[in-house]
Amino acid sequence: MATRRREYDEDDVRVRPGKSSRPRTRTRPRHADAVDGFVIAVDRGRYTCVLAGADPEDPTVTAMRARELGRKSVVVGDRVGLVGDTSGAAGALARIVRIAERSSVLRRTADDDETTAEGRLERVVVANADQLVIVSALADPPPRTGFIDRCLVAAYDAGIAPLLCLTKADLAGPEQVLGYYAELELPYVLVRPDSDLDALRALLAGRVSVLVGHSGVGKSTLVNRLVPDAARAVGVVSAIGRGRHTSTSAVALRLPPAPGACGDPGWIVDTPGVRSFGLAHVSAESLLHGFPDLVEGTVDCPPNCPHTADAPDCALDAWVAAGRADPRRLASYRRLLASRSGEGDPRGEADQRNPGDPLAGS
Ligand SMILES: Nc1nc2c(ncn2[C@@H]2O[C@H](COP(=O)(O)OP(=O)(O)OP(=O)(O)O)[C@@H](O)[C@H]2O)c(=O)[nH]1
Ligand SMILES: [Mg+2]
């Protein structure tokens with residue numbers, strides 16, 4: 001009890017009798033004044049927010065969390081209510097008193113196995129994203145379809161539309177990766193240093209898109225191209241301003257209006273590179289949603305079929321044997337099933353476990 005009490009505001013300690021002395025009457029009017037903001041960066045307990053309807057030139061608002069939010073975390077992409085000094089003047093500090101219901105939550109876990117502490121350590125990457133841009137380099141570092149598959153599972157699980165963004169197309173061709181996803185209607189874009197980004201811009205317009213990918217695949221490079229004044233636009237993007245350096249935290253940037261287009265140009269969220277995209281928070285059933293090319297193949301499975309390699313009569317083997325899906329996709333799905341149940345470390349071992357398939361790593 002003692003530890004719980006510490007999270008309450010002093011107003012919440014119920015030593016004073018009577019409902020009339022509750023904080024409600026005192027705080028409600030203030031909260032009614034709260035202005036809407038959008039969290040674009042989080043840094044050591046300070047939240048950088050953009051006020052709803054603000055122009056790109058307007059200053060950002062720095063805020064802290066009001067204690068009454070309790071344990072609720074505030075993440076990039078959150079739409080929040082702000083009170084206090086929302087002027088954006090130097091040194092001004094506002095307070096976040098409300099977090100709007102999230103339309104989507106992109107999560108990842110440090111590990112796949114729910115039974116470990118790491119597996120239970122769940123991180124919300126970003127809130128309210130409409131689109132997950134899975135960034136994979138075609139070379140340096142080489143593409144890893146196991147990782148892309150994990151991102152697809154996370155996207156479908158969170159109800160976020162996936163978009164495959166293949167960078168460094170100047171270094172290698174996309175045929176192998178695209179061949180692997182031939183059965184999926186997965187939208188994709190190719191990016192090389194000299195390519196025009198019009199197709200990508202059109203797909204980003206009006207949406208909140210979050211970039212995920214291994215370190216060094218070119219996420220920040222892409223963001224800098226999409227938002228040329230990223231470093232200047234908001235004071236917080238020091239990680240981006242440093243150019244080719246590893247990003248250390250997620251940051252949302254307002255996209256410039258597309259030429260000739262009207263309406264909301266959208267936001268793009270750069271995130272730090274991840275080694276793995278742990279999926280402990282995704283149920284075994286939901287894992288299958290990341291493999292729409294396999295879903296239909298399970299209709300002939302016996303009831304409660306676990307779809308694992310040793311499952312008797314799993315219909316997926318016949319589905320793949322009949323050429324209805326790529327056997328590598330089934331292998332990838334089964335690797336995820338296995339790593340969720342704690343069999344093996346999903347990170348870093350892919351090359352040993354899939355010697356014949358250099359793409360398969362996660
Ligand atoms: N050849 C080539 N190099 C690229 C391309 N895009 C990015 N790079 C290079 O790849 C390196 C890594 O790029 P970053 O944009 O920092 O990668 P990142 O994904 O943001 O990495 P983290 O922040 O660590 O997650 C840089 O040296 C870029 O110049 C590309 O299309 N072609
Ligand atoms: Mg980066």
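Keep in mind it's a predicted model, so treat the numbers as computed, not measured. (Residues numbered from 1 in each chain as written. Chains lettered and ligands numbered in written order. Predicted model: local features only at pLDDT ≥ 70, side-chain atom pairs only at ≥ 80, totals over all residues. Heavy atoms only, no water.)

(A) Up close: the site of ligand 1. Looking at ligand 1, there are 20 residues lining it, with Ser215, Lys219, Thr221, Ser247 and Gly273 nearest. Ser215 is positioned with one of its side-chain polar atoms (N or O) 2.4 Å from an oxygen atom of ligand 1. Contact distances for ligand 1 include 2.5 Å between an oxygen atom and a side-chain N or O atom of Thr221. Taking 670 Å² as the accessible area of ligand 1 by itself, protein coverage stands at 83%. (Near = heavy atom within 4 Å. Polar contact = N/O pair within 3.5 Å; in protein donor to acceptor, adjacent residues only side chain to side chain. Areas by Shrake-Rupley, 256 points an atom, 1.4 Å probe, with all protein chains shown as cover.)

(B) Representation of helix α4 (residues 145-158). Between its first and last C-alpha, α4 extends 20 Å over 14 residues, near the 20 Å set by a 1.5 Å rise per residue. With 12 of 14 residues buried, α4 is to be regarded as a mostly interior element. Among the residues of α4, those classed as buried are Thr145, Gly146, Phe147, Ile148, Asp149, Arg150, Cys151, Leu152, Val153, Ala154, Ala155 and Ala158. (Helix = DSSP H or I, 4+ residues; strand = E, 2+ residues; numbered from the N terminus. Expected span 1.5 Å × (residues − 1). Buried < 20%, exposed > 50% of the residue type's maximum accessible area, 1.4 Å probe, protein only.)

(C) Broad picture of the environment of Thr116. Its place among the elements puts Thr116 in the loop between β6 (105-109) and α3 (117-120). For Thr116, a relative accessible area of 28% puts it in the partly exposed group. Put simply, Thr116 and Ala280 are 164 residues apart on the chain and 9.7 Å apart in space, counted from C-alpha to C-alpha.

(D) Quick peek at the packing of aromatic side chains. Counted under the stated rule, the structure contains four aromatic pairs. With a centroid separation of 4.7 Å and 90° between ring planes, the pair formed by Tyr180 and Tyr181 is classed as edge-to-face. You'll find Tyr180 and Tyr181 in the same group, each marked buried. (Phe/Tyr/Trp six-rings, centres within 6.5 Å; stacked < 30°, edge-to-face > 60°.)

(E) Main features of unusual backbone geometry. Of note, the amide linkage connecting Asp140 to Pro141 takes the cis form, showing an omega dihedral of 0°. Position of Pro141 among the secondary structure elements: in the loop between β8 (131-137) and α4. Of note, Asp140 is a non-glycine position whose phi angle comes to about 55°, a positive value. Along the chain, Asp140 turns up in the loop between β8 and α4. Classification of Asp140 by relative accessible area gives exposed; the value is 56%. If you check the backbone angles, Asp313 has positive phi at about 65° while not being a glycine. Within the element layout of this structure, Asp313 appears in the loop between α11 (292-295) and α12 (316-321).

(F) Molecular detail of the confidence of the model for the protein. On average, residues of the protein score 84 in pLDDT, and 81% of them are at 70 or above. Here helix α14 (residues 350-353) is the element of the protein with the lowest mean pLDDT, 42, and strand β9 (residues 161-167) is the one with the highest, 98. In the predicted structure, residues 1-16 sits below a pLDDT of 50 and forms 13 contacts with residues beyond four places in sequence or in another chain. Contacts for the low-pLDDT stretch residues 234-244, under 50 throughout, to residues beyond four places or in other chains number 20 contacts. (pLDDT = per-residue confidence, 0-100. Contact = heavy atoms within 4.5 Å.)

(G) Expanded view of the pattern of salt bridges. Summed over all chains, the structure comprises seven salt bridges. As a salt-bridge pair, Asp43 and Arg44 come within 2.9 Å of each other at their nearest N and O atoms. Classification of Asp43 by relative accessible area gives partly exposed; the value is 41%. Here Asp78 ties to Arg102 by a salt bridge, and the two come within 2.8 Å at their closest N and O atoms. Residue Asp78 is found in the loop between β3 (61-65) and β4 (79-84), and its partner Arg102 is found in the loop between β5 (94-99) and β6; the two are separated by 24 residues along the sequence. Judged by its relative accessible area of 0%, Asp78 falls in the buried class. Here Arg102 falls in the partly exposed class, since its relative accessible area comes to 25%. Via salt bridges that share partners, Asp149, Asp293 and Arg329 belong to a single interconnected network. (Salt bridge = Lys/Arg side-chain N within 4 Å of Asp/Glu carboxyl O.)

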